[in-house]
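Read off the chains here:
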Amino acid sequence: MFPIRRNRRLRTNEAIRGLVRETIITPNDFLVPLFVVEGKGIKEEIASMPNYYRYSLDLLVEEVKTLWNLGLKSVLLFVKVDDNLKDNKGTEALNQNGLMQRAIKTVKDTCPDMLVMTDVALDPFSSYGHDGIVESGKIINDATVEVLAEMSISHAEAGANFVAPSDMMDGRIIGIREGLDQSNFLDVGIMSYSAKYASAFYGPFRDALDSAPVDMANVPKDKKTYQMDFANRDEAIRETEMDINEGADIVMVKPGLSYLDIVRDIRNSFEIPIAVYQVSGEYAMLKAAAEKGWLDHDAVMLEQITSIKRAGADIIASYFAKDVVKLLP
Ligand code: PBG
């Protein structure tokens, strides 16, 4: 008889749809990226990221309280560094009284239970805008890993709960883990950007931090010798497996929406928490389309965030976190 099973029964009204819904978004899903600058009283909008801001430490305090009150309990810190503090080795990254170290303390003083994750990579501190040390036109892997380990220890000393290496050097997870353990930071975790692709979606972020690779002779123009080729899928499994074996507590796929096949592959391959970074370009695209009246901002935002979780993300780093949480029932 035609048909016994009618799938539309489970879609009849909102109550039944709610009962059978597979993916529910809560504030616990989010990691909130925060951009910090030197100065006082500064809350400046990032041109290519409407309604997203860089904060000086005094105003960061207010923002952190707002997040906490919305149920957002984890932040990921990035700093915009003054040009005159940048060099090839990212020396300023190790300054105990540097902006990142003060930002960590500021968040912890404001909200001791807020989980603080920190970006670990040289690019915001690099005079060349690269995630590693540049020598003769190349990014030097092992010397960079040493700096990343020291940087991680310095963040741990300032009070960070997790370090998040976003650089894609080989062997940096084991280098950082050993560094943290030798300094007795046994409880400081590592969220590894394990499958991070060389993506054009990072453009607005590089505006936010003024961290794009510089256009100079003997400096690589892009990050393709360390970030992954976006044509590759199996390689993401290899990268992720290595980072897990080196001691990563959480792995990450980045960017988000264009890479959800990778998220599902990793979900099916490993039992480890997976973070997905819905990056700056993804944020900018929706803001621009909504500004033109071409897309319904909130509806598309919720659909995209739900898709990321449905693909297999446990944690979503997103510039939309506050906007989403305000819409939750
Ligand atoms: C750099 C870093 C980048 C992002 C996070 N960490 C940019 C890059 O690799 O050039 C991008 C985040 C975003 O676009 O939102 N280590």
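Everything quoted here is computed from the prediction, not taken from an experiment.

(A) Structural view of the pattern of salt bridges. This structure, assessed with the given rule, holds 17 salt bridges. The partner of Arg21 in a salt bridge is Glu14, with the nearest N and O atoms 3.3 Å apart. Judged by relative accessible area, Arg21 falls into the partly exposed class, the value being 40%. For Glu14, a relative accessible area of 44% gives the class partly exposed. The closest approach of N and O atoms between Arg233 and Asp265, which form a salt bridge, is 2.6 Å. A residue pair is termed long-range when its members are at least 10 positions apart, and Arg233 in the loop between helix H6 (203-209) and helix H7 (234-246) and Asp265 in helix H8 (residues 260-269) qualify at 32 residues. In this structure Arg233 comes out as partly exposed when scored by relative accessible area, which is 42%.

(B) Examining helix H3 (residues 99-110) more closely. In this model H3 runs 16 Å from its N-terminal to its C-terminal C-alpha over 12 residues, within 8% of the 16 Å that 1.5 Å per residue would give. Within H3 the residues assigned to the buried category are Leu99, Met100, Gln101, Ala103, Ile104, Thr106, Val107 and Lys108. Against the buried residues of H3 lie strand S1 (30-37), helix H2 (57-69), strand S4 (74-79), strand S5 (115-120) and helix H4 (141-158).

What counts, and at which threshold
- Residues numbered from 1 in each chain as written.
- Predicted model: local features only at pLDDT ≥ 70, side-chain atom pairs only at ≥ 80, totals over all residues.
- Heavy atoms only, no water.
- Salt bridge = Lys/Arg side-chain N within 4 Å of Asp/Glu carboxyl O.
- Buried < 20%, exposed > 50% of the residue type's maximum accessible area, 1.4 Å probe, protein only.
- Helix = DSSP H or I, 4+ residues; strand = E, 2+ residues; numbered from the N terminus.
- Expected span 1.5 Å × (residues − 1).
- Contact = heavy atoms within 4.5 Å.

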